[in-house]
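# Examination of the molecular architecture
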Amino acid sequence: MSANNPGSFPDQDEVSGEEAQGLRPGHLLSVLRRRAKLILICTAVAGLAALAFSLLQEAKYEASSSLLFREPKFGLDIFGNTSETPTNTDEERQAATNLELVNQDAVAAATAKAMGDGFDAARVADEVEAVNDGDSDVITVTATDPDPETAQKLANTYAAQVIAYRALTDRQQILRSKRRLDKIIDAAEGAGQDVSQLKPASEQLGILAQVQTGNVELVQTASVPTSKSSPKTGRNTVFGLIAGLVIGLLAAFAAERFDRRLRNPDDVEEAFGLPVLGVVPETEDIAASNRGEAGMHLPFAAAESFRMVRASLRYFNIDSEIKIVMVTSEVPEEGKSTVAWNLANVAALSGSALLIETDLRRPSLSRQHGISPAPGLAEYLTNQVDLQAITQHKSVLGENGNGAGGTLDVIAAGTPPPNPSELLESKSMANFLAEVRTRYDLVVIDTAPVGVVSDSLALARNSDGVLIVSRIDKSTRDSALRLKQRFRRSGVPILGVIANGVKQTRFGGYGSYGYNLDVDYSSQDPISGQEATSVPAPSKD
């Protein structure tokens, strides 16, 4: 059913589509506002965690030295080869080979021995890192240690051991070549051959082995670092804040996705598939009027919302006048009694109005508005008193709280009877409603929550229509679905929904209204036939 066609609920397929609907793009800013606290908490916690982690970490210092690798040409030089023909070398492969040689376990072991006690090859390998400087022949050796002087010494020592290791390997290679050449010379001499040209080459290999540097030189020595390299407290904290913000946003939208509460009148209209006839703001004046404080009056915005509802009821149905309206909700604390009372007050300003309290289990009007609790409806339905005896008159202030605006007739629930459902479903109740229909321009029935007891469904059949009250930030899509299922099966006419408490400023509900369901409500669900779920009475804060 369209929201513009009141009186019935949408088909089940429409309900399913509404229930499956998630966040809409237009709700982005409202989600951020509602979940700002969660987002800020996540951001702050992550940032503080990153800061604490950084502060608890041991400070470390980095020192770096640089090594230059040259292409080995000792073989060409020995034999006087001055050809300009370039050698075919793969620069990337050569750089990778040089880096592999720098990271040899033998270099780490030699460095640990040179550093002395407290160092072993594993620690050296853990604290030293060698990297290529791009595609160049330079390799940077970086040592990290809690002590800045140790970091400097370790970087320089490691670089020296790389040079020594490369010199040793090249020397060993040359000496192996010399030994092979010497064997050839000895064999040739034994055969009486001339070896005069080979002996100088052997001597040159011996000299070259003594002066070999491994074609590596230290081009930059490490200096003592003056600032710690880690932890980077500022950077870590910023990253933590960013990560916390992302987590907070994800958590906010996840919470919003699974939060079933109705957040605004649009959500209410969507969930119920009914028009929102009135939007009631949350104000102290409304709460004060519920406490029965003298001289209090509705502010313009609140009074206007109830006047709009009253006007809608006058022109709601062209064929028949709506004179008896039942005001209900799915669960307690949604503000149905507040809406019923103020709607009746506004109606009394322009005509005759009667407010009937039909919550015979947990009556609250006398406590909230200073009227006599008995005799009331219960006494009338049991033939103890007549209608005049139970009708109380309440003065209604005019606009802006000035002057005598009118008189509201009120019938309290009376003394709670042992059989409230039977009384409300009785013929006496039907006759009572038929009688008051002829006496008043508007009769407002304040009921018990339909999601808790079945009393209200019987009254709905004798009413011209039902107004459902849904409280912003408290009513849920699930409660709307349950109401739709109950009223669809009962076939009662539904006029629309009142969105109550649309402002974010809240004062803990209306007075001390509440239901002790463990004691008072034990009726069965009118649809399922199962016991209604017990809910503890709300706080009076």
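Residues numbered from 1 in each chain as written. Predicted model: local features only at pLDDT ≥ 70, side-chain atom pairs only at ≥ 80, totals over all residues. Heavy atoms only, no water.

Time to look at the overall build of the protein chain. Counting its regular elements, the protein chain contains 22 helices and twelve strands. A fraction of 80% describes how many contacts in the protein chain between residues 6 or more apart in sequence connect residues 24 or more apart. Carbon and sulfur atoms provide 52% of the accessible area of the protein chain, an area that totals close to 27,000 Å². (Helix = DSSP H or I, 4+ residues; strand = E, 2+ residues; numbered from the N terminus. Contact = heavy atoms within 4.5 Å. Areas by Shrake-Rupley, 256 points an atom, 1.4 Å probe, with all protein chains shown as cover.)

Before going further, it helps to spend a moment on the pairing of strand E6 (residues 324–328). Within E6, five of the five residues are buried, which leaves the element mostly enclosed by the surrounding structure. Judged by which residues are buried, E6 turns out to be covered on both faces: Ile324, Met326 and Thr328 on one side and Val325 and Val327 on the other are all buried. Sheet analysis places E6 next to strand E10 (residues 442–446), joined by four bridges and oriented parallel. Across the sheet, Met326 pairs through a bridge with Ile445, a residue of E10. The pairing of E6 with strand E11 (residues 465–471) spans four bridges and is parallel. In the sheet register, Thr328 faces E11, and the bridge partner there is Ile468. (Buried < 20%, exposed > 50% of the residue type's maximum accessible area, 1.4 Å probe, protein only. Pairing = 2+ DSSP bridges.)

A general tendency of soluble globular proteins is for nonpolar side chains to be buried together. With 41 residues, the main nonpolar core has Phe272, Leu377, Phe432, Val436 and Phe487 as its most contacted residues. Looking at this core element by element, the count peaks at four residues for helix H19 (residues 427–439). Leu277, Val327, Val410 and Leu442 belong to the second largest nonpolar core, which has 30 residues in total. (Core = buried A, V, L, I, M, F, W, Y, C linked by side-chain atoms within 4.5 Å.)

Taking strand neighbours across the sheet as the criterion, the four strands line up as E2-E3-E1-E4 in an open arrangement whose pairing is antiparallel. Only two strands of the sheet have a single partner each, and these edge strands are strand E2 (128–132) and strand E4 (216–220). Between one strand axis and the next, the sheet turns by 30° as a mean value, whatever way the strands run. Bridge count for strand E1 (residues 61–69) against E4 is four bridges, and the pairing is antiparallel. Bridging from a neighbouring strand, Phe69 pairs with Val216 of E4. (Axes fitted to C-alpha atoms, helices over the stretch in contact; angles between N-to-C directions.)

The next point concerns the pattern of salt bridges. If the charged atoms of two oppositely charged side chains come close together, the side chains can form a pair. In this structure the tally under the stated criterion is seven salt bridges. Residue Arg477 pairs with Glu270 through a salt bridge whose shortest N-O separation is 3.8 Å. Note that Arg477 is positioned in helix H21 (residues 477–490) and Glu270 in helix H11 (residues 265–272), a separation of 207 residues in sequence. The exposure class of Glu270 is partly exposed, given its relative accessible area of 23%. In this structure, Asp446 engages Lys336 in a salt bridge whose closest nitrogen and oxygen atoms are separated by 3.3 Å. Pair noted here: Asp446 is in strand E10 and Lys336 is in helix H14 (residues 336–350), with a separation of 110 residues, a long-range link. The two residues Asp446 and Lys336 agree in class, both being buried. Taken together, the shared-partner salt bridges connect Arg123, Glu127 and Asp145 into one network. (Salt bridge = Lys/Arg side-chain N within 4 Å of Asp/Glu carboxyl O.)

Taken as a whole and judged by the stated rule, the model has one aromatic pair. Between Arg123 and the ring centre of Phe119, over which it is positioned, the NZ or CZ distance is 3.8 Å. (Phe/Tyr/Trp six-rings, centres within 6.5 Å; stacked < 30°, edge-to-face > 60°. Lys NZ or Arg CZ within 6 Å of the ring centre and 35° of its normal.)

Take the environment of Arg235 next. Within the element layout of this structure, Arg235 appears in helix H10 (residues 233–258). Taking the C-alpha atoms as reference points, Arg235 and Ser54, 181 residues apart in sequence, are found 9.6 Å from one another.

Helix H8 (residues 148–190) packs onto helix H6 (residues 105–115) with a crossing angle of 130° between their chain directions and a minimal axis gap of 9 Å. One finds that H6 runs oblique with respect to H8. In the packing of H6 onto H8, the handedness of the crossing is right-handed. Contacts between H6 and H8 pair Ala106, Val107, Ala108, Ala110, Thr111, Ala114 and Met115 from the former with Thr150, Lys153, Leu154, Thr157, Tyr158, Gln161, Val162 and Tyr165 from the latter. The residue makeup of the contact of H6 with H8, split by class, is ten nonpolar, four polar and one charged. (Parallel < 35°, antiparallel > 145°, perpendicular 65-115°, else oblique. Left-handed = near helix turned anticlockwise from the far one by under 90°. Nonpolar A, V, L, I, M, F, W, Y, C, P; charged D, E, K, R; others polar.)

The next point concerns helix H3 (residues 36–56). Think of an α-helix as 3.6 residues a turn; residues three or four steps apart then line up on the same face. Taking 1.5 Å of rise per residue, 21 residues should cover 30 Å, and H3 covers 30 Å from first to last C-alpha, within 8% of that figure. All buried positions along H3 are accounted for by Ile39, Cys42, Thr43, Ala46, Gly47, Ala50 and Ser54. The arc that holds every buried residue of H3, seen down its axis, measures 120°, which confines them to one face. Those residues of H3 that are exposed and aimed more than 90 degrees away from the buried face are Lys37, Leu40, Val45, Leu48, Leu55 and Leu56. The inward-facing, buried residues of H3 abut helix H2 (28–34) and H10. (Expected span 1.5 Å × (residues − 1). Arc of directions from axis to C-beta.)

Contact geometry for H11 and H21: axes closest at 9 Å, N-to-C directions at 40°. Crossing geometry of H11 relative to H21 is assigned as right-handed. Along the contact surface, H11 presents Asp267, Glu270, Ala271 and Phe272, while H21 presents Arg477, Ala480, Leu483 and Lys484. Partitioned by chemical class, the residues of the contact of H11 with H21 number four nonpolar, no polar and four charged.

Okay, the environment of Ile411 next. Tracing the sequence through the fold places Ile411 in strand E9 (residues 404–411). Along the primary structure Ile411 and Ile371 are separated by 40 residues, whereas in three dimensions their C-alpha atoms are 9.2 Å apart. Excluding its chain neighbours within four sequence positions, the residues that come into contact with Ile411 are Leu354, Leu355, Ile356, Glu357, Gly376, Leu377, Leu387, Ile390, Thr391 and Phe432.

A cis amide bond links Ala374 with the next residue in sequence, Pro375, at an omega value of 0°. Turning to its location among the elements, Pro375 is positioned in the loop between helix H15 (365–369) and helix H16 (377–381). One non-glycine residue, Asn383, adopts positive backbone phi at about 60°. Take Asn383: it is sitting in the loop between H16 and helix H17 (387–390).

Confidence in the prediction of the protein chain, expressed as mean pLDDT, is 75, and 76% of residues score 70 or more. Of the regions scoring below 50 in pLDDT, residues 78–88 engages in six contacts with residues more than four places distant in sequence or in other chains. (pLDDT = per-residue confidence, 0-100.)

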